[in-house]
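A look at the structure
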Amino acid sequence: MFNRFSVRRLKKLAKTNIIGKDIIYMPVCVSTNNVAKELSRLGHGTLFVADKQTGGRGRSGRSWESKKGDGIYMSLLLKPDNLTPDISQLTLITAIAAARAIGGDAKIKWPNDIVLSSRKVCGILTELSGDSVIVGVGINVNNKKFPKEIKDIATSLYIEHSRRYSRESIIADFLHEFEVLYDEFSKSGFSVFRAEYKKLSVNIGREVRIIKNNEEIAGTATDISRDGKLVVDVNGEFLTVQSGEVSIRGMYGYA
Ligand code: BTN
């Protein structure tokens, strides 16, 4: 059950008006983000989804484990009316949509990794292409195990709950959550989601390491600012972190 991806099932489950209304399904591609870029002439909300990626990409030049049938590999093509609201905020909104769709005890590791039991279950790669924004989402769904390099930091829904999941149903839930959030975000910006983001955050109140230009600063994450930055208390001085990797010391070791 839940082995073969069915676009028909996805279309039946998806209840959105714009986001994911058009679906480009590929049994295999290099990266759904690449295809979305190549086809960025298509309309706002087009969903690209693959059963397997041969060159799945993560942030900071890393690769993304994309074995056939195990995970969700998808990208949304977006044409925002104005690109000024920093696309990093769009990524935070996507993280909320993914956490809602994954459900259970899914939390967000700032800025946009979704974790279950302190391990990463979902990653988001947002890229600009001309006037378009491409939001790529990878969710580990039915993976039974991971390569040894990532096995201590990655998890899947199968590993957490000992059962297989319907990828189509998770995608449909994600599309619905994303559509609702994107609509509100376009009107009101990130600040209306700040409380929910903070509630979902795994960082707040914990020690973090800010890694920037190979330098590490240790502190305690205390808040998320109105524009989505991480506020970190470093020996009584409050730093507002916009970019760079943040690691949770002691529970989650990937850099
Ligand atoms: C990360 O956490 O490093 C981001 C991972 C993003 C992976 C997804 S899978 C679908 C889309 N296509 C890609 O090549 N990458 C994103």
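Preceding block: the structure.
Residues numbered from 1 in each chain as written. Predicted model: local features only at pLDDT ≥ 70, side-chain atom pairs only at ≥ 80, totals over all residues. Heavy atoms only, no water.

As a further point, take the pattern of salt bridges. Any two side chains of opposite charge can pair, given that their charged atoms come close. For the coordinates displayed, the defined rule picks out 17 salt bridges. We note a salt bridge from D113 to K109, for which the minimum N-O separation is 4.0 Å. You can call D113 buried: its relative accessible area is 1%. Classification of K109 as buried rests on a relative accessible area of 1%. What emerges from the salt-bridge pattern is a single network uniting R59, K109, D113 and K120. (Salt bridge = Lys/Arg side-chain N within 4 Å of Asp/Glu carboxyl O. Buried < 20%, exposed > 50% of the residue type's maximum accessible area, 1.4 Å probe, protein only.)

In this section: the pairing of strand 10 (residues 230-234). Burial of strand 10 is extensive: 4 of the 5 residues sit out of reach of the surface. Relative to strand 10, strand 9 (residues 215-224) runs antiparallel, the two being bridged by 4 bridges. By the bridge assignment for strand 10, A221 is matched with V232. Between strand 9 and strand 10, which pair antiparallel in sequence order, lie 5 residues; one of them, G228, sits at a positive phi of approximately 90 degrees. Examined bridge by bridge, strand 10 and strand 11 (residues 237-241) share 5 bridges and lie antiparallel to one another. Considered in strand 11, the bridge of V231 is made with T240. (Helix = DSSP H or I, 4+ residues; strand = E, 2+ residues; numbered from the N terminus. Pairing = 2+ DSSP bridges.)

A few words now on the packing of aromatic side chains. Using the criterion set out here, one finds 4 aromatic pairs in the structure. Taking the centre distance of 5.6 Å and the plane angle of 20 degrees together, the rings of F178 and Y182 count as stacked. With F178 and Y182 both in helix 5 (residues 167-188), this residue pair falls 4 residues apart, about one helical turn. Summarising the burial analysis for this pair, F178 and Y182 share the class buried. A connected cluster of aromatic rings, assembled from ring pairs, spans F174, F178 and Y182. If you follow K144 out to its NZ or CZ, it ends over the ring of Y158, 5.1 Å from the centre. Over the ring of Y165 we find R163; its NZ or CZ atom is 3.8 Å from the centre of that ring. (Phe/Tyr/Trp six-rings, centres within 6.5 Å; stacked < 30°, edge-to-face > 60°. Lys NZ or Arg CZ within 6 Å of the ring centre and 35° of its normal.)

Here we take up the nonpolar core. Core analysis: the largest hydrophobic core is formed by 57 residues, its most contacted members being I114 and F174. Broken down by element, the residue count for this core peaks at 10 residues, all from helix 3 (residues 87-102). Those residues in contact with I114 that sit more than four places away from it in its chain are A95, A98, A99, I102, A106, K107, I108, R119, K120, V121 and C122. In terms of nonpolar packing, the next biggest core, distinct from the first, is built from 8 residues, C29, A36, F48 and I134 among them. (Core = buried A, V, L, I, M, F, W, Y, C linked by side-chain atoms within 4.5 Å. Contact = heavy atoms within 4.5 Å.)

Looking at the ligand, there are 20 residues lining it, with S31, Q53, R57, R59 and K120 nearest. Within the contact set of the ligand, a nitrogen atom lies 3.2 Å away from a side-chain nitrogen or oxygen of T32. R57 places a main-chain nitrogen or oxygen 2.7 Å from a nitrogen atom of the ligand. With the chains in place, 99% of the 410 Å² that the ligand exposes on its own is no longer accessible. Looking at the shell around the ligand, the elements that each hand over two or more residues are helix 2 (32-38), strand 3 (71-78), strand 6 (119-129) and strand 7 (132-140). When residues in the shell around the ligand are grouped by element, the largest group, 4 residues, is from strand 6. Of the residues assigned to the shell around the ligand, the class counts are 6 nonpolar, 10 polar and 4 charged. (Near = heavy atom within 4 Å. Polar contact = N/O pair within 3.5 Å; in protein donor to acceptor, adjacent residues only side chain to side chain. Areas by Shrake-Rupley, 256 points an atom, 1.4 Å probe, with all protein chains shown as cover. Nonpolar A, V, L, I, M, F, W, Y, C, P; charged D, E, K, R; others polar.)

Taking every second residue as pointing to the same face, both faces of strand 2 (residues 47-50) are buried, with L47 and V49 on one and F48 and A50 on the other. Pairing analysis gives 4 bridges linking strand 1 (residues 23-26) to strand 2, with the strands arranged parallel. The partner of I23 across the bridge, within strand 2, is L47. A crossover links strand 1 with its parallel partner strand 2, the connecting element being helix 2, and its sense is right-handed. (Right-handed = clockwise from strand over helix to strand, strands pointing away.)

It is worth spelling out the packing of helix 3 against helix 5 at this point. As a packed pair, helix 3 and helix 5 sit with axes 8 Å apart at the nearest point and diverge in direction by 140 degrees. Put simply, helix 3 runs oblique to helix 5. The two elements helix 3 and helix 5 cross, and the hand of that crossing is right-handed. Counted together, Q89, L90, I93, T94, I96, A97, A98, R100 and A101 of helix 3 and I170, D173, F174, E177, F178, L181, Y182 and F185 of helix 5 form the full contact between these two elements. (Axes fitted to C-alpha atoms, helices over the stretch in contact; angles between N-to-C directions. Parallel < 35°, antiparallel > 145°, perpendicular 65-115°, else oblique. Left-handed = near helix turned anticlockwise from the far one by under 90°.)

It is worth spelling out the side chain of N140 at this point. Within the secondary structure layout, N140 lies in strand 7. When neighbours within four sequence positions are excluded, N140 is seen to be in contact with W64, K120, V121, F146, A154, T155, S156 and L157.

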